[in-house]
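Fold and contact review
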Amino acid sequence: MKKIDKDQALTAIATVLLLFTAMINWNIYSWLILVEILMILAAWYFKK
C-alpha cells in the first residue's frame, strides 16, 4: 500500500472539512473551532 504525502492528506482533510462546514449553523464557537483546526493543520504541515 502506497503512503500518501502531506499534500494529499491536507487536500483530503480540506475536502472533508468543507463538506462538514456546509452543514454547520455558524456561531462564534464554530468559528473558534474552525480557526483551531486550521492552526493545528498548519502546525502539522510545517513541522520538520
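No experiment lies behind these values; they were computed from the predicted model shown.

Turning to the overall build of the protein chain, a few remarks are in order. Check the secondary structure of the protein chain and you find 2 helices and 0 strands. Put simply, the protein chain shows about 4,500 Å² of open surface, and 73% of that area lies on carbon and sulfur atoms.

Right, let's talk about helix α2 (residues 28-46) for a bit. Compared with an ideal rise of 1.5 Å per residue, which puts 19 residues at 27 Å, α2 spans 27 Å between its outermost C-alpha atoms and is within 8% of the ideal. Of the surrounding elements, those touching the buried residues of α2 are α1 (6-21). Here α2 starts with a cap whose side-chain oxygen sits 3.1 Å from the backbone nitrogen of Y29, and that cap is N27.

The rules behind the values
- Residues numbered from 1 in each chain as written.
- Predicted model: local features only at pLDDT ≥ 70, side-chain atom pairs only at ≥ 80, totals over all residues.
- Heavy atoms only, no water.
- Helix = DSSP H or I, 4+ residues; strand = E, 2+ residues; numbered from the N terminus.
- Areas by Shrake-Rupley, 256 points an atom, 1.4 Å probe, with all protein chains shown as cover.
- Expected span 1.5 Å × (residues − 1).
- Contact = heavy atoms within 4.5 Å.
- Polar contact = N/O pair within 3.5 Å; in protein donor to acceptor, adjacent residues only side chain to side chain.

By themselves, these observations are geometric and do not establish any function.
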